[in-house]
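Summary of the model geometry
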Amino acid sequence: MNKGILRHKFMMVLAVLGGFIVTLGQVPFVSAASSTSFTINITPPDNMPPEAVADFAGSSGAEGQGLLAWTAPQGDAGGTSPQTVSSYIVRTATFSVDMVGGSTTTWWNNARDISGEPPPLATGTLQSMILNNLEPGAVLYFAVKSRDRGNNVSPIDVNAVTPGMQASITVFDTAPPAVAALTGTAGDALVDLAWSSVTAADFSHYRLEVDSTEPRDFTDLYVATTTVSTSFTHTGLTNGLTYAYRVIAVDKGAPTDVGVALDSAPSPVAEVFLPIDRIRPAPVAGITALTNPDGTFSVDWAEVLLSEDGTQADDVVGYRVYRSTGLLGPYSVQVSSSPGVSATGFQFTASSLQDEFYLIVAVDEAGNESDPATSNYLHVTPQGVLGQIGLASDGTPTRAYVPQNSMPELKNSREDVLIRVTRNNDPVMNADTQRTLRTYSVDVTGPVSTVPDRSFAFTNPAMHVTLQYEDPVSSVTYSQDEVGILWWNGTRWIKMGRGVMDPVLKTISFHTALTGTYQARQYQAATELTLDKSSVFPRIFSPNGDGINDMVFFVIENPRLSAFDAKIYDMTGGFVADMKPAVAGAPTIGTMVWDGKDSTGQFAPAGPYHYQIKGEDKVITGTIVIAK
């Protein structure tokens, strides 16, 4: 070794020698000849674990809760000065140390840790730990160990070692609250039930009980269902009986869960009577009316074979005909044919003093009648039968009126149909909220189906539609020229011009051949011969006889009923054909059509054409296209 001065600078050095901690003091400079000394401090290691907790115990609280309590132990077993432990380890299991032969090691290794142990307090201080979300009815066993700053772990607590003394909690379990608001609604051989939900920490299901005999003591009850839902439809019942129901909430328990399954108090009893039959026959359709040579009238209709739910009606026993002097009633029985399933008609003499309205309904064995809200009415005057009326379902005088000579068209090859008028509140169809007054759909449907047949059209614009555009009590008024009718052709609104307004009832009336959606809207209706370009449709058509876009329609507004001339020309100005008056598919009486044929009856070639309408000293022109 070099005997010169050693230039190494020593900092604090730690070494473990034989389990002891050695501390070397700082030595700035040392030479071989130096007599400088330094100090070595040796600290023995901390091998002493904390003492075992002596009084670890558990107790139950509210449902699903428990409490563990103990006294903070000495952190250095056998030490003379109090030492605080650094942390606790709490474990739990559903079995006790005694159940595994008294082996705390086996129990500890098979138990699970609990999180959320409290921070240790000073030795001798009472510690506690609240446990939540425990399974009600369960019996749980607990043990605790502690750890000091040297990571030494204490023995398991004293009570866990002592037979019969291990900390345990029997988790409190109480019955669920009673179910409230049980209601039952009768159907045909069924009852729809509903009730309010209950809240319980260990809720399992509801038990629905029923008693169909007197007294309603539920001693002869049978269980209708067990369900977690708050509603149930009880089917397979007997019409004509009364059924009593009650609901009980049940919490978890053996055999699938711990503890005992507890029942709530029963709900209040709901009694429901099932009428013998609640399903009404379908509305009467296929109505025709004839004037007899003796001045009386005959009305016939198709036999009702279905119920309103679409099922076969095998219990119709006859028909009743009601009469009123006002469309909205009240109605009284005029003719009753019961029994008489095949008696689908009657004769009567009209009043010589006033108009009358007739309602025809089917009647079944239980006395159920067809629904008047979906039925059609007959309008009869002293002079004869005017026609068939479909009244709006919203209770307004909005209606569609089919004259007597068009009524046979409501009997088609598929099924007899009815007129249905409904308020249309679709936001898309009422997008122009500033000007739109009211929108209604006028459709024909089967007696049961509510799906409209939008391909249906009368052979001429004879159907008379009346729309109520404002509540009669409203102070808002409009002039004849401020409100017009529009029809939705599936792509855009077609202006149909002015209707006949009733400022008292706030209605507007017009004629049409088409079903579909109609709207009363604020716009300056034409006061002279007019053809709006949007009222020419379809601008590109294909007259090939396939029934799709075979002709083009020109919905002309002609409030003065002026004479006019309407022609088609080719692009060179050559005459092709005259337009024809309204046919099936035309929305108004004033509509003109071109079927794509020239004046000789031959189909015109594909390409663009001009239309020209002359009248009232004006000429209206535009272009349409034939596509092949």
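Residues numbered from 1 in each chain as written. Predicted model: local features only at pLDDT ≥ 70, side-chain atom pairs only at ≥ 80, totals over all residues. Heavy atoms only, no water.

1. As for the sheet that holds strand S36 (residues 516-522)
Strand order in the open sheet made by the 5 strands is S29-S30-S36-S32-S33, with antiparallel pairing throughout. The sheet is open, and its two edges are formed by strand S29 (418-423) and strand S33 (493-497), each paired on a single side. Recorded for the sheet is a direction-independent mean angle of 25° between the axes of neighbouring strands. Where S29 meets strand S30 (residues 436-445), 6 bridges bridge the pair, whose relative direction is antiparallel. Following the sheet pairing, Val421 is matched in S30 by Val442. (Pairing = 2+ DSSP bridges. Helix = DSSP H or I, 4+ residues; strand = E, 2+ residues; numbered from the N terminus. Axes fitted to C-alpha atoms, helices over the stretch in contact; angles between N-to-C directions.)

2. A word on the layout of surface pockets
When its volume is computed, the second largest pocket comes out at roughly 570 Å³. Met496, Arg498, Asn558, Leu561 and Gly590 are the residues nearest the centre of the second largest pocket, which is lined by 25 residues in total. Listed by contribution, the elements that provide at least two residues to the lining of the second largest pocket are S33 and strand S35 (507-512). For the lining of the second largest pocket, the leading source of residues is S35, giving 3 residues. Looking at side-chain class alone, the lining of the second largest pocket contains 13 nonpolar, 10 polar and 2 charged residues. (1 Å grid on protein atoms, 1.4 Å probe; cavity = no way out; pocket = protein on both sides within 12 Å on 5 of 7 lines; lining within 4 Å. Points joined across faces, edges and corners; volume = space filled by probe spheres on them. Nonpolar A, V, L, I, M, F, W, Y, C, P; charged D, E, K, R; others polar.)

3. Let's talk about unusual backbone geometry
Looking along the chain, the bond that leaves Gly329 and enters Pro330 is cis, with omega of 5°. With respect to the helices and strands, the residue Pro330 is situated in the loop between strand S22 (316-324) and strand S23 (332-337). Positive phi is not limited to glycine here, since Glu616 has a value of about 55°. Tracing the chain through its elements places Glu616 in the loop between strand S44 (607-615) and strand S45 (618-626).

4. Comments concerning the confidence of the model for the protein
A residue-level look at the protein finds 90% of positions with pLDDT of 70 or above and a mean pLDDT of 85. Low pLDDT (under 50) marks residues 1-27, which in the prediction has 42 contacts with non-local residues, meaning those over four places away or in another chain. (pLDDT = per-residue confidence, 0-100. Contact = heavy atoms within 4.5 Å.)

5. Considerations on the packing of aromatic side chains
Two numbers describe a pair of aromatic rings. These are the distance of the centres and the angle of the planes. Following the criterion strictly, the structure yields 17 aromatic pairs and no others. Ring centres 6.1 Å apart and planes at 75° place the aromatic pair Tyr569 and Phe575 in the edge-to-face group. On the basis of relative accessible area, Phe575 is assigned to the partly exposed category, the value being 42%. Through a chain of ring-to-ring contacts, the aromatic side chains of Phe56, Trp70 and Tyr88 assemble into a single cluster. Looking at Arg246, its charged tip hangs above the ring of Phe218, at a distance of 4.3 Å from the centre. Stacked on the ring of Phe603, the Lys or Arg Lys597 has its end atom at 5.2 Å from the ring centre. (Phe/Tyr/Trp six-rings, centres within 6.5 Å; stacked < 30°, edge-to-face > 60°. Buried < 20%, exposed > 50% of the residue type's maximum accessible area, 1.4 Å probe, protein only. Lys NZ or Arg CZ within 6 Å of the ring centre and 35° of its normal.)

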